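The lines below spell out each chain.
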Amino acid sequence: MANDGHSGRESTRREYLQYGGAVVAGGLLAGCTGGGGSETTESETETTTAATTESTTEAETETTTETSESYSVSIEPMGEVTFDSVPETWVANNGSWADMGVALGLDAPMGVWLTGRYHTQYYDEIPGVSVDKSSIRQLWGDSGVGKEQFYDMDADVHIADPNFLKNRGQWSDADVEEISTQVGPFFGNSIFSRGYAWHDDYRYYDLYEAFEKLSQVFQREDRFEAFEQVHDEFQANLASVVPGQGERPSAAVVWGGGDEPEEFYPYIIDEGTSFKHLNDLKVNDALAATDVKDFFSNRGAVDFETLLDVDPEVILLRGQEAKDREEFQNTVISFMENHEVASELTAVKNDDVYRAGGLYQGPITNLVVTDRLAQTLYDADERLFDAQRVSDIVNGDL
């Protein structure tokens, strides 16, 4: 990586945001194993995005309350991060963390790894909450993830797992340390998948554990607690919809973009947050007991012939979230129905091929995609969460 010309600065530009002793003692990063590679076919390029909320005047003026005393929040792999002031500007690694910020009523993150994977159209389901995709910067580009853009954004805090930057963005320890000291600290965890070998030696967080951590960073724990209540009510409503073990379908989760996909990247359902909706719906994994390898472990692909060997009852297709149900039906489903091999799949014959939901889920988007899949898989006939209550929380009406 070329020298950006900033590493020679002698003093920290943001002394009011700094890492605690746990990070210093640990050499800044824990669990870094190097290696990596680039986001190739997995990272389909979509549109750019910026999250804003349509708040009332009161909510817009109700920014985070400034505190006169410093405070610390701990998350692995960084350890304890100390803040002398509540951050105002921020960068989110992905749509999971960006959505958490929207749920907390924050302004949009200044950048995310892949803007196309922050599926902001889900907010159309929530009254009074909308997203402007025009200003969020996509961190990943043809030449990787350059440091210069972090200086340009000048964010108070970077909500990202530095090990993800090291292993997927090919940064060095020195790169991470430079940005954390010259611009702003890192605070995050790669919660969406448990398939990365470099994440084996430090803990994961489930969605609401991570959400609580972020609420502590921005001193908005009241909104987190309100969302936790909504989530608890949603889970109770799901319990009345999800059928018993013998009645739940067996589904294959694969990634296939475009209108006529013929190559697919298989996903084994694990405890990562990208599968939260499937775990909450207790979907049986059709690939788990087969020889098909998870995409995260070997970056391999399968074709229709392999899917026919498995012949799952349901196919849940990722990479199609930009399409609504009608467009999905008229392109992908129509293509499969007329394909020589795909047309033999049980899921295609029975019209049981669905959009799988996004890879990155936060508290709002998880409610939306779980509710959607409850309707398509289990014929739920009414919404299972209170969309107006979600809107009220985002806009500060607690």
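Going by the structure above, here's the rest.
Worth saying up front: this structure is predicted, and the values here are computed from it rather than measured.

What counts as what
Residues numbered from 1 in each chain as written. Predicted model: local features only at pLDDT ≥ 70, side-chain atom pairs only at ≥ 80, totals over all residues. Heavy atoms only, no water. Phe/Tyr/Trp six-rings, centres within 6.5 Å; stacked < 30°, edge-to-face > 60°. Buried < 20%, exposed > 50% of the residue type's maximum accessible area, 1.4 Å probe, protein only. Lys NZ or Arg CZ within 6 Å of the ring centre and 35° of its normal. Core = buried A, V, L, I, M, F, W, Y, C linked by side-chain atoms within 4.5 Å. Helix = DSSP H or I, 4+ residues; strand = E, 2+ residues; numbered from the N terminus. Domains from an automatic or database assignment. 1 Å grid on protein atoms, 1.4 Å probe; cavity = no way out; pocket = protein on both sides within 12 Å on 5 of 7 lines; lining within 4 Å. Points joined across faces, edges and corners; volume = space filled by probe spheres on them. Nonpolar A, V, L, I, M, F, W, Y, C, P; charged D, E, K, R; others polar. Arc of directions from axis to C-beta. Contact = heavy atoms within 4.5 Å. Polar contact = N/O pair within 3.5 Å; in protein donor to acceptor, adjacent residues only side chain to side chain.

Colleague: Looking at this model, I keep getting lost on the packing of aromatic side chains. Mind explaining?
Modeller: Two measures describe an aromatic ring pair: the distance that separates the ring centres and the angle between the ring planes. Inspection of the entire model under this criterion finds 23 aromatic pairs. Centroid distance Phe-192 to Tyr-196: 6.0 Å. Interplanar angle 75 degrees. Geometry classified as edge-to-face. For the pair formed by Phe-192 and Tyr-196, the shared burial category is buried. In this structure, Arg-203 is placed above the aromatic ring of Tyr-205, and the distance from its NZ or CZ to the ring centre is 3.9 Å. One cation-aromatic arrangement involves Arg-318 over Tyr-267; the distance from NZ or CZ to the ring centre is 5.0 Å.

Colleague: Just to check I follow, could you spell out the nonpolar core for this structure?
Modeller: The nonpolar side chains of a soluble globular protein tend to be buried, and buried together. Residues Trp-97, Phe-227, Leu-316, Ile-364 and Val-390 are the most contacted members of the largest nonpolar core, which totals 99 residues. Ranked by the residues each element gives to this core, the list is headed by helix 14 (residues 363-378), at 8 residues. Shared between two domains, this core holds at least three residues of each, these being domain 1 (69-218) and domain 2 (244-393). Of all hydrophobic cores here, the second largest spans 22 residues; its members include Val-254, Phe-264, Ala-286 and Leu-345.

Colleague: Mind showing me how you'd approach the environment of Phe-83 here?
Modeller: Residue placement: Phe-83 occurs in strand 3 (residues 79-83). Distance in space between the C-alpha atoms of Phe-83 and Glu-69 is 8.9 Å, their sequence separation being 14 residues.

Colleague: Sorry if this is basic, but what is going on with empty space enclosed by the protein here?
Modeller: Over the atoms, a rolling probe the size of a water molecule traces out where space has been left empty. The full count for this structure, using the stated rule, is 1 cavity of 30 Å³ or more. The computed volume of the largest cavity comes to approximately 30 Å³. Arg-117, His-119, Trp-255, Arg-318, Gly-319, Glu-321, Gly-357, Gly-358 and Leu-359 are the residues that line the largest cavity. Residues that form the lining of the largest cavity fall into these classes: 2 nonpolar, 4 polar and 3 charged.

Colleague: Quick question: what am I supposed to make of helix 15 (residues 387-394) here?
Modeller: Residue pairs three or four apart in sequence face the same way in an α-helix, which turns once every 3.6 residues. Along helix 15, the residues that are buried comprise Ala-387, Val-390, Ser-391, Ile-393 and Val-394. Buried residues along helix 15 cover an arc of 160 degrees about the axis, so they all sit on one side. Looking at the buried residues of helix 15, the elements they touch are helix 3 (95-103), helix 8 (221-239) and helix 14. Regarding helix 15, its N-cap is Asp-386, as a side-chain oxygen of that residue lies 3.1 Å from the backbone nitrogen of Gln-388 further along. Gly-396 occupies a position one or two residues after helix 15 and carries a positive phi of about 90 degrees.

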